[in-house]
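Now for the letters of each chain:
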Amino acid sequence: MKKVKIAVIGCGTIANNAHIPAYLKNPNVEITYFCDIIAQRAQDAVEKYGCGKAVEDYRELLNSDEVDAVSVCTPNNVHAEIAMAFLRAGKDVLCEKPAARTYSEALEMQKVQHETGRILTIGVCNRFNTAVNRIKKAIDAGELGEVYHVYISFRSHRSIPGLGGAFTTKAIAGGGALIDWGVHFLDIVMYCCGDPAPKTVSGTAFSKLGKDIEGYTYLDMWAGPPVKDGVYDVDDSVTALIRTEGPVITLNGAWAQNIGKDEMYIDFIGDKAGIRLQYGGNYTLYTTKDGALVESNPRYPTTNHYENEINAFVDQILNGGQSPASIDNAVITSQIMQAIYDSSDAGKEVSFG
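Residues numbered from 1 in each chain as written. Predicted model: local features only at pLDDT ≥ 70, side-chain atom pairs only at ≥ 80, totals over all residues. Heavy atoms only, no water.

Here the focus is the pairing of strand S8 (residues 198-206). Bridge analysis of S8 against strand S9 (residues 237-244) gives eight bridges, and the strand direction is antiparallel. In the sheet register, threonine 204 faces S9, and the bridge partner there is threonine 239. The sheet contact formed by S8 and strand S15 (residues 350-351) spans two bridges and is antiparallel. Within S15, the position partnered with valine 201 by the bridge is valine 350. (Pairing = 2+ DSSP bridges. Helix = DSSP H or I, 4+ residues; strand = E, 2+ residues; numbered from the N terminus.)

Here is the structure:
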């Protein structure tokens, strides 16, 4: 079988921790290029992994016969630009989450994908997670009855990443805690509940604890240390109520809050049973039987969801089919996040006609 020739665009944390190792494990893949605007990063990847060539500008690869598909692992502000350029060049694309900074950018990506007919998968890796897929199967089978409410909690004490840098600069990231963490939680709910269309959204995004960069107190900081003269204009916490054609969704999320509790879970609440999913872990099922309350904690074999995601992308390139993480699915989550930000800015509910 002909190997798929992959270029990795952006050689930072997500590329090195997830994409590259997964590609290297796939026998149907050859990594031909590593690309990064910091030339040394690309060269370091070549030396570390013992394959490919290093380039600094992704445009050098658009018309290369040595590239069939790309993984876009860059900051959010260039997701749309790079993904659309490769789609128009006849390449297939796996773009890291979020699809883009804004709903309008995500819609433009979807438009180009439809025009070109190429693959555009968004890196919402939890759609390839074992526990998440077990929950989706249970909901689809009616085991929970009517899932009428889903509650999301993604909150930490003081975990703002790289304060003052790219993660906290709206022009680069598009947002803060919601677009960085919330995208995963909302996408899990959308996936498990059949991607229901939103009807109304009311939300507030707060930018409080990170504004005093110099005085921000923390124990550790990923993507840090703080940039003392940097930018902080994104949300460090968010709350929202989302009515959909399926369940009502409520969420509370925070990179940072003055409550010393970390909570990362989703409650799927049905009229027959309910499930609490611990993000990145297992789940608990709550129901009743023979006049008694029943609680169960299923245990099952699991597989690496990043490897599943990459393998599914490669398989789609080779054999066709539809991805559960296509841009058509991702734009719904982009629409909801945009509506939360718009509702917060306007101080009122947003409706979809």
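On to the side chain of asparagine 26. Secondary-structure assignment places asparagine 26 in the loop between helix H1 (13-25) and strand S2 (29-35). On the accessibility criterion, asparagine 26 (7% relative accessible area) is buried. Asparagine 26 has contacts with Asn311 and Val314, leaving out every residue within four places of it along the chain. (Buried < 20%, exposed > 50% of the residue type's maximum accessible area, 1.4 Å probe, protein only. Contact = heavy atoms within 4.5 Å.)

Across a sheet, paired strands are connected by hydrogen bonds in the backbone, their directions being either parallel or antiparallel. An order of S14-S13-S12-S11-S7-S10-S9-S8-S15 is seen for the nine strands of this open sheet, with the pairing classed as mixed. The outermost strands of the open sheet, each flanked by one partner alone, are strand S14 (292-296) and S15. Two strands pair when backbone bridges link them, and S9 and strand S10 (residues 248-254) are joined in this way by seven bridges, in the antiparallel orientation. The residue of S10 that forms the bridge with isoleucine 242 is isoleucine 249. On the sheet, helix H5 (residues 130-140) packs against strand S7 (147-155), strand S11 (263-270), strand S12 (274-278) and strand S13 (283-289) and is oriented at approximately 165 degrees with respect to S12. (Axes fitted to C-alpha atoms, helices over the stretch in contact; angles between N-to-C directions.)

All right, on to the pattern of salt bridges then. Side chains that differ in sign of charge can pair as their charged atoms come close. With the rule as written, the count across this model stands at 18 salt bridges. Between arginine 118 and aspartate 92 there is a salt bridge; the shortest N-O distance is 3.2 Å. Taken together, the residues span a long stretch of sequence, with arginine 118 in the loop between helix H4 (103-116) and strand S6 (120-123) and aspartate 92 in strand S5 (residues 92-96) at a distance of 26 residues. Looking at arginine 118, the relative accessible area reads 29%, which means it is partly exposed. Where arginine 276 meets aspartate 267, a salt bridge forms, and the shortest distance between an N and an O atom there is 2.7 Å. (Salt bridge = Lys/Arg side-chain N within 4 Å of Asp/Glu carboxyl O.)

Relative to the 18 Å expected for 13 residues at 1.5 Å per residue, H1 spans 18 Å between its end C-alpha atoms, a close match to the ideal helical length. Listed in full, the buried residues belonging to H1 are Ala15, Ala18, His19, Ile20, Ala22 and Tyr23. (Expected span 1.5 Å × (residues − 1).)

A separate point is unusual backbone geometry. For the bond from lysine 97 to proline 98, the omega torsion is -15 degrees, close enough to zero to count as cis. The residue proline 98 is located in the loop between S5 and H4 in this model. Note the cis peptide between glycine 224 and proline 225, where omega equals 5 degrees. Mapped onto the elements of the fold, proline 225 is located in the loop between S8 and S9. Its identity is not glycine, yet aspartate 195 carries a phi of approximately 55 degrees, on the positive side. With respect to the secondary-structure elements, aspartate 195 resides in the loop between helix H7 (177-192) and S8. A positive phi is found at aspartate 290, a non-glycine position, where the angle reads about 50 degrees. With respect to the element layout, aspartate 290 can be found in the loop between S13 and S14. Overall, aspartate 290 belongs to the exposed group, its relative accessible area being 76%.

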